[in-house]
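Each chain, letter by letter, is given below.
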Amino acid sequence: MGYVTALFPWKVIQQVDDRIDKDAALGSLGIDPKAPIDPSLMVRDTEYYDFLERLAREDQNGKTIPLKAGESMRCDDYGAFGLAWKSAINLRGSYDRAQRYARVLTSVSTYQVEQIEGGALMHLHREGERRLGMRLSNEATIASIVSISRQVSTAEFNPVAIYFKHAAPEDISEHEAYFNCPVKYHSSNDALLVSKESLETPNHLGDTSISKFFESHLESEVSKLESSKSLDHQVRVIVSRSLSEGVPHVPDVAKQMAMSARTLQRRLSEQGYSFQTLVDESRRKLAERLVKETDYTLAEVAFMTGFSEQSAFTRAFRRWKGQSPRSYRLKSNCF
C-alpha cells in the first residue's frame, strides 16, 4: 500500500464539473473539504485511483481532467518541496531535487533524471497496478512537472517530447496542445524529454543560499520519513532486493536490519505479520511488475523472483493470478 499527498485530489476536484458533489468526492478519501489544503496529509494511492476513475466516468471531459489539474499546480502549493524547486539555479537543479526529495509527496512514485545527448529524460516511475486511475495520475504528474517548469524558468519552456506507457485516448489534441510537443503513447517509459538549453536556463528565483536552506529542510523531512517506515515495509524492500540471489531467510534479513532473527519474528508477529507472508507478497508483487512492465523473458523473471525453475514460477503465478504469466503479459499489453 502506498500514499500520495492530498494536494493532488484537491487540485483535481477543482477542475471537475460543478454538477458533481465535490465535497462527497473529497470525503471519500478522508479529506475534510472545509479544511485548508495540507500537502502533508496523505491518502492511499488505490483510493486516489478510484477517485480519478469515478470522476473520469462522471465528468463529460473526465479524460482531460489530469491536464487541467497539472496546469493549475503552483510551486507554492507544494510547500517546502515547491520552494526548493523554484529556488534551484536552473531546471536541471529543480529536476535533481525532484529525484531526491519526491518522497515527501508520495511513497509510490520516484523520479529519475537520465542524461542523454542534447538534454535529459525526466522519468516518472510509479509502483502498482497499471489501471486507469494510475494512468490518469501519471498524466497529471507529467502535466504538473511541465506547469511548474514553465513557472520557474526565465525562458519559454516546452518539452521536446512526452512519453506515456499507456495507450492513447481517442483524441489526443488537447494533450498535444497543452504540452506543445509530440506526445508518444505505448512507450517504454513515462517521461518528458527536455533539451539541454532548457535545463541550463536560469530560474527566476534561483539563489544559492536560499536553495541550500530548502535542501537542508527537505533532507530533514526525508530523514523523518525513512525513520518512520513500518517494519513490514522495510522487510519487503530487503526481500525484494535479495530475491535474485534466492529467497532470503530470516537471519539474513534480520542482520541487515541490525537485530536478531528472534527479535524480527517477534516484532512482526506483534504487528500481525509473519516473515513467510511478507516473502510471498514481495515475490508476487515483483513478479507481477516484471511480467507486466518489462521485456525480461519468463525464465529471467523466474530467476529474479527466487525460483530455481520456470515451471515452479509458472505454478506459483497461476496460484497468485489465476492465469499463466504468459497470458497475464499478453492481456496487460493490450491496454
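Residues numbered from 1 in each chain as written. Predicted model: local features only at pLDDT ≥ 70, side-chain atom pairs only at ≥ 80, totals over all residues. Heavy atoms only, no water.

J.: Would you mind showing me how to read a negative patch on the surface here?
T.: Together, Glu 170, Asp 171, Glu 174 and Glu 176 give the surface a local cluster of negative charge. Structurally, Asp 171 is set in the loop between strand 5 (161-163) and helix 8 (173-179). (Patch = residues over 30% accessible without salt bridge, like charges linked within 9 Å, V, L, I, M, F, W, Y side chains within 5 Å. Areas by Shrake-Rupley, 256 points an atom, 1.4 Å probe, with all protein chains shown as cover. Salt bridge = Lys/Arg side-chain N within 4 Å of Asp/Glu carboxyl O. Lys, Arg positive; Asp, Glu negative; His and termini not counted. Charge placed at Lys NZ, Arg CZ, Asp CG, Glu CD. Helix = DSSP H or I, 4+ residues; strand = E, 2+ residues; numbered from the N terminus.)

J.: Just to check I follow, could you spell out the nonpolar core for this structure?
T.: Generally speaking, soluble globular proteins have nonpolar side chains that are buried together. The biggest cluster of nonpolar side chains holds 59 residues, and the ones touching the most others in it are Tyr 48, Phe 51, Trp 85, Tyr 95, Ile 162, Phe 179 and Leu 192. Element by element, the count of residues in this core is highest for helix 7 (residues 132-152), at 8 residues. Dropping the residues within four chain positions of it, Phe 51 is found in contact with Pro 9, Val 12, Ile 13, Ala 25, Leu 26 and Leu 29. Val 239, Val 253, Met 257 and Leu 278 belong to the second largest nonpolar core, which has 27 residues in total. (Core = buried A, V, L, I, M, F, W, Y, C linked by side-chain atoms within 4.5 Å. Buried < 20%, exposed > 50% of the residue type's maximum accessible area, 1.4 Å probe, protein only. Contact = heavy atoms within 4.5 Å.)

J.: In this structure, what is going on with the pattern of salt bridges? I would like to understand it.
T.: Between side chains of opposite charge, a pair can form as their charged atoms come close. Tallied over the entire structure, the rule returns 15 salt bridges. When the shortest N-O distance is used, the salt bridge between Arg 92 and Glu 200 registers 3.5 Å. Of the two residues, Arg 92 sits in helix 6 (residues 91-101) while Glu 200 sits in helix 9 (residues 196-200), which places them 108 residues apart along the sequence. Residue classification places Glu 200 among the partly exposed positions, given a relative accessible area of 43%. What emerges from the salt-bridge pattern is a single network uniting Asp 50, Glu 53 and Arg 131.

J.: Could you clarify how one ought to interpret empty space enclosed by the protein in this entry?
T.: One simple way to see leftover space: roll a probe sized like a water molecule over the atoms. Within the structure shown, the criterion is met by 3 cavities of 30 Å³ or more. The calculated volume of the largest cavity comes to roughly 160 Å³. Along the walls of the largest cavity sit 17 residues, with Phe 8, Tyr 78, Leu 105, Tyr 111 and Thr 141 positioned nearest its centre. Elements supplying a minimum of two residues to the lining of the largest cavity: helix 5 (80-87), strand 3 (109-116) and helix 7. Broken down by element, the lining of the largest cavity gets its largest block of residues, 5 residues, from helix 7. Tallied by class, the residues present in the lining of the largest cavity amount to 12 nonpolar, 4 polar and 1 charged. Reported here for the second largest cavity is a volume of approximately 70 Å³. As for the second largest cavity, its lining consists of Phe 8, Val 12, Tyr 48, Ala 69, Gly 70, Met 73, Ser 137, Ala 140, Thr 141 and Ser 144. Counting residues per element, the ones that place at least two in the lining of the second largest cavity are helix 1 (7-13), helix 4 (65-72) and helix 7. The greatest single-element share of the lining of the second largest cavity, amounting to 4 residues, is contributed by helix 7. (1 Å grid on protein atoms, 1.4 Å probe; cavity = no way out; pocket = protein on both sides within 12 Å on 5 of 7 lines; lining within 4 Å. Points joined across faces, edges and corners; volume = space filled by probe spheres on them. Nonpolar A, V, L, I, M, F, W, Y, C, P; charged D, E, K, R; others polar.)

J.: Looking at this model, I keep getting lost on the packing of helix 14 (residues 275-293) against helix 17 (residues 325-332). Mind explaining?
T.: Two quantities define a packed helix pair, namely the angle between the axes and the distance from one axis to the other. One way to put it is that helix 14 packs onto helix 17 with a least axis distance of 8 Å and a crossing angle of 55°. When the interaxial angle is binned, helix 14 and helix 17 end up oblique. Handedness of the helix 14/helix 17 crossing: right-handed. Here Glu 288, Leu 290, Val 291 and Lys 292 of helix 14 lie close against helix 17, whose contacting residues are Pro 325, Tyr 328, Arg 329 and Ser 332. Classifying every residue of the contact of helix 14 with helix 17 gives 4 nonpolar, 1 polar and 3 charged. (Axes fitted to C-alpha atoms, helices over the stretch in contact; angles between N-to-C directions. Parallel < 35°, antiparallel > 145°, perpendicular 65-115°, else oblique. Left-handed = near helix turned anticlockwise from the far one by under 90°.)

J.: Looking at this model, I keep getting lost on helix 6. Mind explaining?
T.: Note on helix geometry: an α-helix contains 3.6 residues per turn, so any two residues three or four positions apart are oriented the same way. Buried within helix 6 are the following residues: Leu 91, Ser 94, Tyr 95, Arg 97, Ala 98 and Tyr 101. What you see down the axis of helix 6 is that its buried residues fit within an arc of 155°, all on one side. Between the side-chain oxygen at the start of helix 6 and the backbone nitrogen of Arg 92 there is a gap of 3.3 Å, and the oxygen is on Asn 90. (Arc of directions from axis to C-beta. Polar contact = N/O pair within 3.5 Å; in protein donor to acceptor, adjacent residues only side chain to side chain.)

J.: Would you mind showing me how to read the environment of Ala 84 here?
T.: The topology assignment puts Ala 84 in helix 5. For Ala 84, a relative accessible area of 1% corresponds to the buried category.

J.: Honestly, the pairing of strand 7 (residues 191-195) in this entry has me stumped. Any pointers?
T.: Two faces make up the sheet, and in a regular strand the side chains alternate between them. In terms of burial, strand 7 is largely enclosed, as 4 of its 5 residues are buried. Where strand 4 (residues 119-126) and strand 7 come together, 5 bridges link them in antiparallel fashion. Paired with His 123 across the bridge in strand 7 is Ala 191. Alignment of strand 5 against strand 7, held across 3 bridges, turns out to be antiparallel. When the bridges of strand 7 are listed, Ile 162 appears paired with Leu 192. (Pairing = 2+ DSSP bridges.)

J.: Where do I start with the sheet that holds strand 6 (residues 183-184) in this structure?
T.: Strand pairing in a sheet relies on backbone hydrogen bonds. The paired strands run either parallel or antiparallel. Spatially, 5 strands are ordered 3-4-7-5-6 in an open sheet, and the strand pairing comes out mixed. If you trace the sheet from one side to the other, it starts and ends with strand 3 and strand 6, each paired once. Of the strands in this sheet, strand 3, strand 4 and strand 7 are in contact with helix 6, which crosses strand 3 at around 140°. Sitting on the sheet, helix 7 touches strand 3, strand 4, strand 5 and strand 7, and the angle it makes with strand 4 is about 145°.

J.: Mind showing me how you'd approach the packing of helix 11 (residues 231-242) against helix 14 here?
T.: Where helix 11 contacts helix 14, the two axes come as close as 9 Å, and the packing angle between them is 55°. On the basis of the axis angle, helix 11 is oblique to helix 14. Crossing of helix 11 against helix 14: the hand is right-handed. Listed contacts from helix 14 to Asp 232, Val 235, Arg 236, Val 239 and Ser 240 of helix 11 are Phe 275, Leu 278, Val 279, Glu 281, Ser 282 and Leu 286. Partitioned by chemical class, the residues of the contact of helix 11 with helix 14 number 6 nonpolar, 2 polar and 3 charged.

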